[in-house]
Amino acid sequence: MSNFRWNYRSIVFLLSLLDILTILVFYPAKSQAELPKSDVSPTEVEQNKAPEAVVNQTVNTSIAPVTRKKAPNELQDRVTPVSQLLQVAPPANKKAPNNAAGQVTSVSQLSDIKPTDWAFQALQSLVERYGVIAGYTDGTFKGDRSLTRYEFAAGLNAALDRLNELIATSTTDLVKREDLDTIKKLQEQFSPELAQLRGRLDSLEVRNAKLESTQFTTTTKLIGRSQIVLGDLIAGNNVVTKRPAPHNPTLQGVTSLRLNTSFNGKDSLGITIGGGNLESLGQTKVATSLLGTYEGRTADNSSITFPRNTIILSGVRYRFLPFPNTQVNIFPLSDGASEIGLSGPVNPYFESSSVTGANGISRFSRRSLVYNYGDTGPGIAILQGLGKQVQFGIAYSAANGGSPTPNNGLFTGRYLALAQLIYYSGNRNFRVAATYVNTYSPPRTIGFSGTNFGPAVGSNLANSTVDGTATLANLYGLQAFYQVSPKLAINGWVSYGVHRYLGRGDGEVMDWAVGLAFPDLFSEGALGGILVGMEPKLISLSNSVNLGKGLGQADRDLSLHVEAFYQYKIGDNIEVTPGLIWITAPDSDNSNPDSLFAWVRTVFRF
């Protein structure tokens with residue numbers, strides 16, 4: 001069947017050209033017109049996808065890759081995601097390498113055409129006698145590639161240009177009688193198919209016009225996500241009160257709507273609104289949490305700064321490409337640490353983009369300690385591609401950058417500055433990132449999550465500060481991902497941080513994790529994941545500092561975070577993800593009994 005489609009498209013194309021040439025009996029012509037320069041072929045698109053383009057099987061990222069043909073009025077959000085700045089696929093404003101069409105003068109210049117090919121003589125005639133068929137700059141013809149309507153129209157245009165030149169030169173000896181006889185026979189033989197094709201094209205044009213007249217806008221795309229979550233704390237005590245925590249199942253939900261607008265095809269304005277009543281197990285403030293600790297904090301939750309069931313503006317971000325391999329993000333409301341990922345996380349199976357949400361159940365499984373500092377606030381991120389396999393990014397975010405009051409603002413209050421270098425292997429199945437973060441909090445400035453500046457995951461000491469003391473931290477992280485096979489991937493990280501309680505002393509914090517991901521587990525499109533690690537733990541403390549457990553007292557015991565989830569797709573837009581989070585020795589204290597969470601997340605995308 002595939003051969004029939006190929007032959008049929010090719011014959012229709014040649015017939016259209018030769019049909020125009022029939023008038024050469026009366027008005028012969030000559031031309032040097034060429035076929036249009038095409039975009040990356042479908043085959044090349046598949047070959048050039050970054051790993052996350054394959055593993056994020058939930059929904060497209062907020063900024064779509066610019067590698068496929070779109071209808072003329074379809075939104076083209078041409079800003080390349082950071083993770084794809086260094087793909088083999090070219091930036092949006094560059095022509096695809098080895099795909100630009102170029103006129104050839106002899107069929108022998110086309111390396112993939114042989115004299116034994118069934119269409120060799122036809123190509124030879126069109127190339128050498130009429131000059132209306134072009135090859136690609138890599139010296140190939142790609143005869144088995146599907147023909148688009150744009151190429152079809154361009155081919156006709158090339159033939160018309162040829163006609164005009166022949167008419168102008170009044171050259172009558174270029175068209176032979178046997179060619180005209182062949183044209184007539186082919187016209188008669190394929191007249192039903194040609195008539196059917198014309199009818200189908202007319203129908204498509206009518207339907208396309210109707211869609212254009214009823215669409216929301218030609219420049220804005222709406223992405224929606226609703227979550228329904230069934231959660232339960234199966235076992236565990238409150239580490240502060242030492243009493244058993246309530247074990248009450250809950251059914252909650254949250255919805256977010258994101259508008260992506262492109263003004264010139266090379267930029268994107270993202271606006272996110274939403275609300276809900278989803279409470280995170282592990283909670284967002286230790287004082288009111290079930291367990292009295294941030295360990296095991298679930299990733300799904302409503303806004304922590306606004307009342308529940310309130311529709312809020314939760315994100316504003318403008319992204320553009322000042323240069324082909326440079327991407328700039330300006331966000332008056334966003335997470336500066338997350339913006340460095342720009343829909344291309346180092347750990348793609350456990351963390352997706354901000355629009356699609358995470359696959360992992362916990363906040364810890366998404367990313368390492370270095371990405372968890374700082375609260376939502378305005379800032380800027382810049383990603384620079386350095387060749388095809390390396391990218392460098394920097395980000396700056398001020399948690400209270402929108403407030404003009406003392407100890408606030410963009411540069412006089414809490415801030416987070418991040419730098420990251422990522423290396424990708426040539427086939428994109430391996431990546432490693434080295435990250436550095438510097439963050440500062442003035443005295444008595446409490447963050448949105450209830451901690452002065454800490455990661456809001458991990459032990460209480462890792463999140464604690466000295467009352468009335470400013471805090472400075474320097475954080476270092478190394479994270480890697482390797483796609484072992486289409487059905488197995490491994491990722492891991494180790495992070496180290498130095499907390500400086502200014503004028504008092506220092507503390508050291510560390511975390512690590514190893515995760516296994518199983519794409520297409522039991523079902524196509526499904527995803528299984530297992531992660532084991534140690535959430536941020538205070539491993540040492542100066543003898544002059546007391547964070548609540550005595551001078552120089554750091555966390556004593558090893559607490560492990562064990563997580564497993566299975567994401568099952570119900571069609572293209574619905575997925576159900578049950579999962580478990582098991583914390584041993586909560587708050588890094590063996591005297592506390594283990595805690596166990598159950599979490600079932602259902603996501604609807606539209």
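Worth saying up front: this structure is predicted, and the values here are computed from it rather than measured. Chains are numbered independently. Their residues run from 1 in the order of the written sequence. The model is predicted, so local features are restricted to residues of pLDDT at least 70 and side-chain atom pairs to those at 80 or more, both for listing and for counting; the totals for chains, interfaces and linings are taken over all residues. For the side-chain quantities, the full set of heavy atoms in the structure was used; hydrogens and water were omitted.

### A look at the overall build of the protein
Then step 1. Counting its regular elements, the protein contains nine helices and 18 strands.
Then step 2. Relative accessibility decides the category of a residue: with a 1.4 Å probe and only protein chains considered, values under 20% of the type maximum give buried, values over 50% give exposed, and everything between is partly exposed. Counting across all 606 residues of the protein, residues that qualify as buried make up 50%.
Then step 3. Partitioning the intrachain contacts of the protein with sequence separation of at least 6 by distance along the chain shows that 68% fall at a separation of at least 24.
Then step 4. Reported accessibility uses the Shrake-Rupley method at a 1.4 Å probe radius. Residues are deemed covered only where the shown protein chains occlude them. Summed over its atoms, the accessible surface of the protein is roughly 27,400 Å², and 59% of this surface lies on carbon and sulfur atoms. In this description a helix means any DSSP run of H or I spanning at least four residues, a strand means any run of E spanning at least two, and both kinds are numbered starting from the N terminus. When checking whether two residues touch, look at their non-hydrogen atoms; a contact exists if any pair is within 4.5 Å.

### Describing the environment of Gly 265
Then step 1. On the secondary structure map, Gly 265 appears in the loop between strand E4 (250–261) and strand E5 (267–276).
Then step 2. The buried category is assigned to Gly 265, whose relative accessible area is 15%.
Then step 3. Considered as a pair, Gly 265 and Thr 219 are 46 residues apart in the sequence and their alpha carbons are 8.7 Å apart.

### Notes on the nonpolar core
Then step 1. Of all hydrophobic cores here, the largest spans 26 residues; its most connected members are Leu 475, Tyr 501, Leu 538, Leu 541 and Leu 547.
Then step 2. For this core, the secondary structure elements donating two or more residues are strand E10 (415–424), strand E11 (430–441), strand E12 (471–485) and strand E15 (527–541).
Then step 3. With four residues, the top contributor of residues to this core is E10.
Then step 4. When residues no more than four places from it in sequence are discounted, the contact partners of Leu 475 are Leu 369, Val 370, Tyr 373, Thr 435, Tyr 436, Val 437, Tyr 496, Gly 497 and Val 498.
Then step 5. What is meant by a nonpolar core is a set of buried Ala, Val, Leu, Ile, Met, Phe, Trp, Tyr and Cys residues, joined one to another through side-chain atoms within 4.5 Å. Leu 291, Phe 481, Ala 489 and Ile 581 belong to the second-largest nonpolar core, a separate cluster that totals 23 residues.

### Some remarks on the confidence of the model for the protein
Then step 1. Per residue, pLDDT measures the predictor's confidence, with a range of 0 to 100. Here the protein shows a mean pLDDT of 75. Residues at 70 or above account for 68%.
Then step 2. In the model, residues 1–13 has pLDDT below 50 throughout and makes 19 contacts with residues more than four positions away in sequence or in other chains.

### So, the packing of aromatic side chains
Then step 1. The pairing test for Phe, Tyr and Trp rings, Trp by its six-membered ring, is centres within 6.5 Å, and the orientation test on the planes gives stacked under 30 degrees, edge-to-face over 60, and tilted for anything in between. For the coordinates displayed, the defined rule picks out 10 aromatic pairs.
Then step 2. Here the aromatic rings of Phe 522 and Tyr 566 are separated by 6.0 Å at their centres, their planes lie at 55°, and the arrangement is tilted. Taken together, the residues Phe 522 in the loop between strand E14 (505–519) and E15 and Tyr 566 in strand E16 (residues 561–570) connect sequence positions 44 residues apart.
Then step 3. The exposure class of Tyr 566 is partly exposed, given its relative accessible area of 22%.

### Topic: the pairing of strand E18 (residues 595–605)
Then step 1. Taken across its 11 residues, E18 has eight buried, putting it largely inside the fold.
Then step 2. Criterion used throughout: strands pair if DSSP finds at least two bridges between them. In terms of strand pairing, strand E3 (residues 220–235) meets E18 through 10 bridges, oriented antiparallel. Following the sheet pairing, Ala 235 is matched in E18 by Leu 596.
Then step 3. Alignment of strand E17 (residues 574–583) against E18, held across 10 bridges, turns out to be antiparallel. By the bridge assignment, Ile 574 is partnered in E18 with Phe 604.

### Re the environment of Ile 312
Then step 1. Secondary-structure assignment places Ile 312 in strand E6 (residues 312–323).
Then step 2. Along the chain, Ile 312 and Ile 273 lie 39 residues apart, while their C-alpha atoms are 5.5 Å from each other.

### Some remarks on a nonpolar patch on the surface
Then step 1. In this scheme, patches are assembled from residues that exceed 30% relative accessible area and form no salt bridge. Like charges are connected within 9 Å, while nonpolar side chains (Val, Leu, Ile, Met, Phe, Trp, Tyr) are connected within 5 Å. The term salt bridge refers to a pairing of a side-chain nitrogen on Lys or Arg with a carboxyl oxygen on Asp or Glu at a separation within 4 Å. On the surface, Leu 478, Tyr 482, Val 484, Ile 490, Val 494, Trp 512, Val 514, Leu 516, Ile 530, Val 532 and Leu 558 cluster together to form a nonpolar patch covering roughly 840 Å² of accessible area.
Then step 2. Those elements that place two or more of their residues in the nonpolar patch are E12, strand E13 (488–501), E14 and E15.
Then step 3. Tracing the chain through its elements places Tyr 482 in strand E12.
Then step 4. You can call Tyr 482 partly exposed: its relative accessible area is 37%.

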